[in-house]
Amino acid sequence: MRDTASGHRWEGSEQFYRGAILALGLALGLAGCRTRASKEDGKPAAPARSAALAGARVAGQPPAQQDDGQWLMPAKDYASTRYSALAQINTANVAQLKPAWTFSTGNVRGHEGAPLVVGSTMYVVTPFPNILYALDLTQPGAPLKWKYEPPVLPAAQGVACCDVVNRGAAYDDGKIYYNTLDGQTVAVDAAAGGEVWRTMVADINKGESITMAPLVVKGKVLVGNSGGEFGVRGWLTALDSGSGRIAWRAYSTGPDKDVLIGPRFKPFYPQDRGKDLGVSTWPPDAWKIGGGTMWGWISYDPELNLIYHGTANPGPWNPDIRPGDNKWTAGIFARDPDTGEARWFYQWSPHDLYDYDGINENVLLDLELQGQHGQRRKVLVRPERNGYVYVLDRVTGEVLSANPFVHVTSSRGVDLKTGRLIEAPDKKTGFGHIVRDVCPAAPGAKDWQPSAFSPRTGLLYMPHNNLCMDEEGVEANYIAGTPFVGANVRMYAGPGGNRGAFTAWDPAAGRAVWSVPEPFPAWSGALVTAGDVVFYGTMEGWFKALDAHTGKELWKFKTGSGIIGQPITYKGPDGKQYVAIFSGVGGWSGAIVAAGLDPRDGTAALGFVNAMKDLPQKTTPGGMLYVFALP
Amino acid sequence: MRRLATGLCALALTFAALACEREERRFQTLPAKSARAQPVRLTTLQPGQSLPARSGHGPYDENAWAISEGERLFNQYNCSGCHFHGGGGIGPPLMDAKWIYGSDPQNIYDTIVEGRPNGMPSYGGHVPDDQIWKIEAYVRTLSGLAPKAAEPDRSDQMEARRSEQATSPAAPRGQKAEHPQ
């Protein structure tokens, strides 16, 4: 129920008062918070890394499995590899790639989505107002089969922190599932385009929205909320794929019963054991508005029957308002998909100081780590926002390695004994002072933009950022449905001056193999194929193909707008391999163009505008799907 | 029994009385003069001959103290969470010359009170009028619409931005409200 018209829309949080109380706010019942306070195929890989390769295998997939040429979920598979075994397009012929056909969405906001290919139909979801288009791949030019347009509240645009993006849909059992910005999950008949069910799972008047792509596991549609900049309480929920009814909901903060922590919860590190830590690691009641949203990626290991999902930053950004470790934010959960029960947890950034949402992709591999010959471990590889690529034992949650992939000043490494991030006291943000040269900046070393893993090269391909920031803590007032941040931020390029990079990383050795600098943050997803070609897009609008072994640029094409989408590849009904990508700049990084922000205010868009002042000279908005093929 | 009869009788009378409420029939239309000859307009396009537009005046548009109070309220009510320090983010920029819903003080006041369909919350009833007018006065300074004498002369934010008064004249700024009379 919504209660917009009544006065109790404002929710209080008096416990946070540490300084002067705002009398005017109280008069309204508005409480202010003022504070001072693998498919291993046997093909030999590049000689330099053959040792690492020998151990690389994608989890949950028999090595000999053939690619059926479809693309049923944004990350391609449950292990989240974004690897396709299609190899018609390869390093020798990719230079001849040409546009085959295009499709305009008529939408000028950020296109972060991934197209899906099911049988001979392609499906794309637009940013708000979240229209689903079905395109007929059997016909020349892939004409529109149908469109589905759900009723989406336009007011939801006011609670979307970082452009009104949508990261895509998922297919299962004859239905396309996706989320709308105003907090609905919809199921659409994949053949006819009719709505099967539609469930409201979030509430914009609490500041909640949804931008993530759902994952469907064993008849459950897994959906999480956005709104970490609005004082929401984060959750992941499972909807029955047949009926749309909510099967379970696991919160990221609060008492164990809400977090679905029970007797089966066995975290690896002692700091994560204890009763109701989601309450006791916060000031009283702060967990109720403490963030920990789940707007990112979920992976699934069918053998272990575990799903893996991160939790986003604690709120507000100003950490003085929330002393404590702020569990279970900025971490990762392993859960039983049937019941939602938590099995283990690890916290990337206890008491996060920098908006390091922990919701990036989790790539599930069976890997032989360097120095452990013959011992293949079930691992989870996570390029994390705080600047480290983590390799976790995905059975237990133990950190096996954590190595920095960008310049990091905000921490001094990860203590592999305790599992804890080592703080950098000189970079502690808070009320009343400005901390400078914090690297990585708030969007992290890598934000949502998903990486790809090739079992052929044993490398993880990461599109990422190279940004630092200055941050000033200011007061944060919790008013439901409005931002709850408490920080002024100004971002800029990190060392080298390039604001982004595309890096190939050897997760077994824990080091970069090659890296291509990009002038702007590399904000698109990555795709790698058995043709040993890796694809990604740039914010100026270039769609690029690199040699997966060397990083050498083999081909590029300038699309109409900056690219922040997720590339996919598929085999068309004609038997040819195609590569598809959304063009259409926006997102947090591209909001300056998509929303027409003013570059004179560097603090605009949570400080990202300061780093992107020249983007409007490089690209213009406009959503278009591009599909490429060999002639 | 008698009591029941009395009760029924009273009930019937009540219904009868209610039934007497009839639609009021108006024999005269509203006089033509009742049209607001000079409304605050959101557009310059008018049907037929152009009529003058009225400029709304906020009570604090020329008051430096109230404008600084407006800035404080702008931050405390989280306006800055969406519009930041004029550059925009979730909400549109307020320091440029584009005004989707009008730059007149009355337009800005209405926007804050009513909200707008694409995300601007409706603050009416949640915030006292007096404070809304102060916020309105401050918002106009962001794009140089306030009188020079009342504008804040330096920015208190972390960003080393030049003061509102010293913003480059070459940069886009809002249109001054027209005062036809």
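Here is a short report on the structure shown in this document.

Procedures and definitions
Residue positions within a chain follow its written sequence, with the count starting from 1. Throughout, the order in which chains and ligands are written sets their labels, letters from A for the former and numbers from 1 for the latter. In view of the model being predicted, local features appear only for residues whose pLDDT reaches at least 70, and side-chain atom pairs are presented and counted only at 80 or more, with totals across whole chains, interfaces and linings using the full set of residues. Computation of side-chain values: all heavy atoms of the structure, hydrogens and water removed. Helix and strand assignments come from DSSP, with helices taken as H or I runs of at least 4 residues and strands as E runs of at least 2, each series counted from the N terminus. Per-residue accessibility, obtained with a 1.4 Å probe over protein chains only, is compared with the maximum for each type, and a residue is labelled buried under 20%, exposed over 50%, and partly exposed between these values. Note on areas: Shrake-Rupley, 1.4 Å probe, and residue coverage restricted to the protein chains presented here. Centres within 6.5 Å are what make two rings of Phe, Tyr or Trp a pair, Trp counting through its six-membered ring; a difference in plane orientation under 30 degrees is then read as stacked, over 60 as edge-to-face, and the rest as tilted. Placement of a charge over a ring requires the Lys NZ or Arg CZ to be within 6 Å of the ring centre, with the centre-to-atom vector within 35 degrees of the ring normal. Here, two residues are considered to be in contact whenever any of their heavy atoms come within 4.5 Å of each other. Here a polar contact is taken to be a pair of N or O atoms separated by no more than 3.5 Å, where protein atoms must pair a possible hydrogen donor with a possible acceptor and residues adjacent in sequence count only if both atoms sit in side chains. Think of a salt bridge as a Lys or Arg side-chain nitrogen and an Asp or Glu carboxyl oxygen that are within 4 Å of each other. In this scheme, patches are assembled from residues that exceed 30% relative accessible area and form no salt bridge. Like charges are connected within 9 Å, while nonpolar side chains (Val, Leu, Ile, Met, Phe, Trp, Tyr) are connected within 5 Å. Residue count minus one, scaled by 1.5 Å, sets the expected span of a helix. In this description, strands pair whenever DSSP reports at least two bridges between them. Here an angle of 0 to 180 degrees is reported between the N-to-C directions of two axes, which are lines fitted to C-alpha atoms, with helices fitted over the stretch in contact.

Assigned secondary structure in chain A consists of five helices and 39 strands. For chain A, with 631 residues in total, the buried portion stands at 69%. Roughly 18700 Å² of accessible area belongs to chain A as shown, and the carbon and sulfur atoms make up 53% of that amount.

All names here are of chain A. Under the criterion given, the structure shown has 37 aromatic pairs over all chains. Of the aromatic side chains, those joined through ring pairs into one cluster are F268, Y269, Y346, W348, Y388 and Y390. It is R233 that lies over the ring of Y251; its NZ or CZ is 3.9 Å from the centre. Taking NZ or CZ as reference, R335 lies 4.2 Å from the ring centre of F333, over its face.

All names here are of chain A. Within the secondary structure layout, K427 lies in the loop between β25 (421-423) and β26 (434-438). Each C-alpha atom of the pair K427 and S410 lies 5.9 Å from the other, and the pair is 17 residues apart in sequence. Sequence-distant contacts of K427, that is, excluding residues within four places in its chain, are made with L353, Y354, T409, S410, V435, R436, D437 and V438. Among the polar contacts made by the side chain of K427, one reaches the main-chain carbonyl oxygen of D437 at a distance of 3.3 Å.

With that out of the way, let us pick up the pattern of salt bridges. All names here are of chain A. Inspection of every chain in the model, using the stated rule, returns 40 salt bridges over all chains. Among the salt bridges present, the one from D338 reaches K218, with a minimum N-O distance of 3.0 Å. Of this pair, D338 sits in the loop between β18 (331-335) and β19 (342-347) while K218 sits in the loop between β12 (215-217) and β13 (220-224), placing them 120 residues apart in sequence. Of the residues examined, D338 reaches a relative accessible area of 33% and is grouped as partly exposed.

Attention shifts here to a nonpolar patch on the surface. On the surface, B:L4, B:L8 and B:L11 cluster together to form a nonpolar patch covering roughly 300 Å² of accessible area. Within the element layout of this structure, B:L8 appears in helix α1 (residues 2-19).

Attention shifts here to helix α2 (residues 64-76) of chain B. All names here are of chain B. Between its first and last C-alpha, α2 extends 19 Å over 13 residues, near the 18 Å set by a 1.5 Å rise per residue. When α2 is considered as a whole, its buried residues turn out to be A66, I67, E69, G70, E71, L73, F74 and Q76. With a side-chain oxygen lying 3.0 Å from the backbone nitrogen of W65, the N-terminal cap of α2 falls on N63. At the C-terminal side of α2, N78 shows a positive phi close to 70 degrees.

Now for the sheet that holds strand β29 (residues 467-473) of chain A. All names here are of chain A. In spatial order, the strands read β26-β29-β30; together these three strands make up an open sheet with antiparallel pairing. Of all the strands in the sheet, the pair left with one neighbour each is β26 and β30 (487-493). Sheet twist, expressed as the average angle between the axes of neighbouring strands with direction ignored, equals 15 degrees. The pairing of β29 with β30 spans seven bridges and is antiparallel. What sits directly across from E472, in β30, is N488.

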